[in-house]
Amino acid sequence: MGNNLVLLDADFCNLILEKSNNMPFFKSIFEILNVKPVIHIYVLHSELFHNVHIKSLVKDEFIQVLKYDDFLVDSFYKQSYQNTFEDFYEFMNNTKLESFNVFKDHKAGHNLGEIHSLITAQYLNIPLFMSNDKGAKELANSKINTDAFKVDVQNIIEVVERCKSIEPNKLDNKIIRSIKKSHST
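*Asks:* Tell me about the packing of aromatic side chains, residues and numbers included.
*Replies:* Evaluated as defined, the whole model comprises 11 aromatic pairs. Measuring from ring centre to ring centre gives 5.0 Å for Tyr68 and Phe103, while their planes differ by 85°; the resulting arrangement is edge-to-face. In this pair, Tyr68 sits in the loop between strand 3 (64–66) and helix 5 (75–93) while Phe103 sits in the loop between helix 5 and helix 6 (112–124), placing the two residues 35 residues apart along the sequence. Taking relative accessible area as the criterion, Phe103 reaches 25% and is therefore assigned partly exposed. Residues Phe71 and Tyr81 carry aromatic rings whose centres are separated by 6.0 Å and whose planes lie at 45° to one another, so their mutual orientation is tilted. With Phe71 in the loop between strand 3 and helix 5 and Tyr81 in helix 5, this residue pair connects regions lying 10 residues apart in the sequence. Pairwise contacts between aromatic rings join Tyr68, Phe71, Phe76, Tyr77, Tyr81, Phe103 and Tyr123 into one cluster. The side chain of Lys27 reaches across the aromatic face of Phe62, ending 5.4 Å from its centre.

*Asks:* An account of the confidence of the model for the chain is needed here, citing residue identities and associated values.
*Replies:* Looking at the chain as a whole, the pLDDT averages 90, with 97% of positions reaching at least 70. Ranking the elements of the chain by mean pLDDT puts helix 9 (residues 173–184) last, at 71, and strand 2 (residues 36–40) first, at 98.

*Asks:* Explain the side chain of His40 residue by residue, including any values.
*Replies:* Within the fold, His40 resides in strand 2. His40 gets classed as buried once you look at its relative accessible area, which sits at 0%. Within polar-contact distance, the side chain of His40 engages the backbone nitrogen of Tyr42 at 2.9 Å. For His40, the side chain forms a polar contact with the side chain of Thr120, separated by 3.5 Å. Ignoring anything within four residues of it in the chain, the contact list for His40 reads Leu7, Leu66, Tyr68, Phe71, Tyr81, His116, Ser117 and Thr120.

*Asks:* Quick one: what's the story with the pairing of strand 2, residue by residue and with numbers?
*Replies:* With respect to burial, strand 2 is a largely interior element, four of its five residues being buried. Pairing analysis gives three bridges linking strand 1 (residues 5–8) to strand 2, with the strands arranged parallel. Its bridge partner lying in strand 2, Leu5 is registered against Lys36. As defined by bridge partners, strand 2 adjoins strand 3 across three bridges and the pair is classed as parallel. In the sheet register, His40 faces strand 3, and the bridge partner there is Leu66.

*Asks:* How would you summarise helix 5 if you had to cite specific residues and measurements?
*Replies:* The terminal C-alpha atoms of helix 5 lie 26 Å apart, and with 19 residues this matches the ideal 27 Å at 1.5 Å per residue to within 8%. Buried within helix 5 we find Tyr81, Thr84, Phe85, Phe88, Tyr89, Met92 and Asn93. Down the axis of helix 5, the buried set is contained in an arc of 140°. They therefore lie on one face. The outward face of helix 5, more than 90 degrees from its buried face, is lined by the exposed residues Ser75 and Phe76. Among the structural elements, strand 2, helix 6 and helix 7 (134–144) are those in contact with the buried residues of helix 5. Once helix 5 ends, the next one or two residues include Asn94, with phi positive near 55°.

*Asks:* Any details on the environment of Lys78? Residues and values, ideally.
*Replies:* Structurally, the position occupied by Lys78 is in helix 5. Excluding residues within four positions of it along the chain, Lys78 makes contact with Asp69, Leu72 and Phe103.

*Asks:* Please give an account of the packing of helix 5 against helix 6 that cites residues and values.
*Replies:* In contact at an axis separation of 10 Å, helix 5 and helix 6 are set at 135° when each is read in the N-to-C sense. Regarding the angle of helix 5 to helix 6, the classification is oblique. In this structure, helix 5 meets helix 6 at a crossing whose hand is right-handed. On the side of helix 5, the interface is formed by Tyr77, Ser80, Tyr81, Thr84, Phe85, Phe88, Tyr89, Met92 and Asn93, while helix 6 contributes Leu112, Ile115, His116, Ile119, Thr120, Gln122 and Tyr123. Here the contact of helix 5 with helix 6 is composed, by residue class, of 10 nonpolar, six polar and no charged.

Conventions used here
Residues numbered from 1 in each chain as written. Predicted model: local features only at pLDDT ≥ 70, side-chain atom pairs only at ≥ 80, totals over all residues. Heavy atoms only, no water. Phe/Tyr/Trp six-rings, centres within 6.5 Å; stacked < 30°, edge-to-face > 60°. Helix = DSSP H or I, 4+ residues; strand = E, 2+ residues; numbered from the N terminus. Buried < 20%, exposed > 50% of the residue type's maximum accessible area, 1.4 Å probe, protein only. Lys NZ or Arg CZ within 6 Å of the ring centre and 35° of its normal. pLDDT = per-residue confidence, 0-100. Polar contact = N/O pair within 3.5 Å; in protein donor to acceptor, adjacent residues only side chain to side chain. Contact = heavy atoms within 4.5 Å. Pairing = 2+ DSSP bridges. Expected span 1.5 Å × (residues − 1). Arc of directions from axis to C-beta. Axes fitted to C-alpha atoms, helices over the stretch in contact; angles between N-to-C directions. Parallel < 35°, antiparallel > 145°, perpendicular 65-115°, else oblique. Left-handed = near helix turned anticlockwise from the far one by under 90°. Nonpolar A, V, L, I, M, F, W, Y, C, P; charged D, E, K, R; others polar.

Written as structure tokens, this is what we have:
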């Protein structure tokens, strides 16, 4: 599926879209990088349910929502996803996941969106995940990236720098300064 896709994490979206007038800036990132933004169904419903800008971009089909049925075609893949999820959860949270349905349950503050997204990146060969979570980068480097597949986890500063290297004058510098200030706190 995926070399033209980029997965988005909630923190990345919320940081840019905290101001409604940043919508053109947000869209221009994907235009510059020539990628289609996608978001995992868990992230949309559990972490971005309050973000009206994301909801609008999904409704307008600028952002595609990845549902489990899009890539988990049978019980073997669903079991494999669950096993991987439990392994990644333990890695990121230093504890085992007990009595938890990975497809239905929610648990705030436990990196579930990052875990769902990175497993999805593996399944769909999506090479880029935009996330400000340092743990996501560590998970990708420790558990996912191999010679056969690599997902690059980039935070907002890395994404902006990448865009500026492609089209130096397209992104609004005032917004960049505001985002960098927010990112550093």
